[in-house]
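Listed below are the residues making up each chain.
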Amino acid sequence: MKEIQNYFPDLTENQTLQFNKIADLYKDWNQKINVVSRKDIDEIYTRHVLHALAIAKINPFLPETEILDVGTGGGFPGIPLAILFPECKFTLVDSIGKKIKVVDEVVEGLGLTNVTTINDRVENIDAQFEFIVSRAVAAMQTFTHWVKGKISSTNRHERRNGILYLKGGDLSEELAAYTNVEVFNLEELFNLSFFETKKLVYLPRKK
């Protein structure tokens, strides 16, 4: 938890309480349904929570922003972002029912009221969002195909509406086709060895 407070020192009392609860909730649920790798569960604040919150450092969300988390798995990056931005609306989607069950239980345990979950493929969601977030669920070309038409054209942020995608490694070949993409090295945000190869990819909606 200290990792979160180091980089986000202005948390409210309720946010601090919610972040503190995360570790126990996931440890408990992970024994029943494995949604976080066993080697990661003890490092959940660095490898999952802080990793998710990198999005907030690059693109903080205005109140009432609607955000879609695709392939949320155990609830990342959606749940940490929902704690940090209680006035925003998050929709967390995953095609695997047992993962959504865990997400539902964690959301309830944290008392989050700004999260909606959907157990389905993202292609079947008929709605638009200002931003789409995800964590390395597919190559960018595949991912953009999945979410085509789901980014709204009404821009309110400094950055145009688009995709905020957490990935790692060398992305130069994968992103070569995109002329308007921005890539942020997370080691420049967080001085921890885990983030040395981690990146955030921002792909704005086409005008």
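See the structure printed just above.
Remember, it's a predicted structure, so these values are computed and weren't measured experimentally.

> Before we go on, may I ask you to explain the sheet that holds strand β6 (residues 182-185) in this structure?
Hydrogen bonding along the main chain pairs the strands of a sheet, whether they run parallel or antiparallel. Pairing in this open sheet of seven strands is mixed, and the strands run β3-β2-β1-β4-β5-β7-β6 from one edge to the other. Strands with a single pairing partner mark the edges of an open sheet, and in this sheet they are β3 (115-119) and β6. Neighbour to neighbour, the strand axes of the sheet diverge by 20° on average, direction disregarded. Bridge count between strand β5 (residues 162-168) and strand β7 (residues 198-204): seven bridges; the pairing is antiparallel. The residue bridging Tyr165 from the neighbouring strand is Val201, located in β7. Lying over the sheet, helix α4 (residues 44-58) contacts β4 (131-135), β5, β6 and β7, oriented at roughly 140° with respect to β5. Across the sheet, helix α6 (residues 97-110) lies against β2 (89-94) and β3, angled at about 165° from β3, the strand it touches most.

> Before we go on, may I ask you to explain the pattern of salt bridges in this structure?
Oppositely charged side chains are able to pair whenever their charged atoms sit close together. One pass over the structure, following the stated rule, counts five salt bridges. In this structure, Arg121 and Glu123 form a salt bridge, with 2.8 Å as the shortest nitrogen-oxygen distance. For Glu123, a relative accessible area of 33% corresponds to the partly exposed category.

> Is there a simple way to think about unusual backbone geometry in this case?
Across the chain, the bulk of peptide bonds are trans and the bulk of non-glycine residues have phi less than zero. Geometrically, the link from Phe76 to Pro77 is a cis peptide bond, its omega value of 5° lying close to zero. The residue Glu64 is not glycine, and still its phi comes out positive at about 75°. Positionally, Glu64 belongs in the loop between α4 and β1 (66-70). On the basis of relative accessibility, which here comes to 46%, the residue Glu64 falls in the partly exposed class.

> Just to check I follow, could you spell out α6 for this structure?
The periodicity of an α-helix, 3.6 residues per turn, causes residues three or four positions apart to be oriented the same way. Over its 14 residues, α6 extends 20 Å from the first C-alpha to the last, a length consistent with the 20 Å expected when each residue adds 1.5 Å. Buried residues of α6: Ile100, Val102, Val103, Val106, Val107 and Leu110, and no others. One side of α6 holds all its buried residues, which, seen down the axis, span an arc of 155°. Tucked into the core, α6 has its buried residues touching α2 (13-32), α5 (78-84), β2 and β3. Remark: Gly111 follows α6 within two positions and exhibits a positive phi of approximately 70°.

> Help me understand the packing of aromatic side chains, please; the structure alone is not making it clear to me.
Each aromatic ring pair is described using two quantities: the centre-to-centre distance and the angle formed by the ring planes. Throughout the structure, instances matching the rule amount to nine aromatic pairs. Residues Tyr7 and Phe190 carry aromatic rings whose centres are separated by 4.9 Å and whose planes lie at 75° to one another, so their mutual orientation is edge-to-face. Here Tyr7 is found in helix α1 (residues 2-7), whereas its partner Phe190 is found in the loop between β6 and β7, with 183 residues between them in sequence. The pair formed by Tyr7 and Phe190 is uniform in burial state, with each residue classed as buried. Here Phe194 and Phe195 contribute two aromatic rings whose centre-to-centre distance is 5.0 Å and whose plane-to-plane angle is 80°, an arrangement assigned as edge-to-face. Members of the aromatic cluster, joined through ring pairs, are Tyr7, Phe190, Phe194 and Phe195. Stacked on the ring of Phe8, the Lys or Arg Lys57 has its end atom at 4.5 Å from the ring centre.

Scoring rules and cut-offs
- Residues numbered from 1 in each chain as written.
- Predicted model: local features only at pLDDT ≥ 70, side-chain atom pairs only at ≥ 80, totals over all residues.
- Heavy atoms only, no water.
- Pairing = 2+ DSSP bridges.
- Helix = DSSP H or I, 4+ residues; strand = E, 2+ residues; numbered from the N terminus.
- Axes fitted to C-alpha atoms, helices over the stretch in contact; angles between N-to-C directions.
- Contact = heavy atoms within 4.5 Å.
- Salt bridge = Lys/Arg side-chain N within 4 Å of Asp/Glu carboxyl O.
- Buried < 20%, exposed > 50% of the residue type's maximum accessible area, 1.4 Å probe, protein only.
- Expected span 1.5 Å × (residues − 1).
- Arc of directions from axis to C-beta.
- Phe/Tyr/Trp six-rings, centres within 6.5 Å; stacked < 30°, edge-to-face > 60°.
- Lys NZ or Arg CZ within 6 Å of the ring centre and 35° of its normal.

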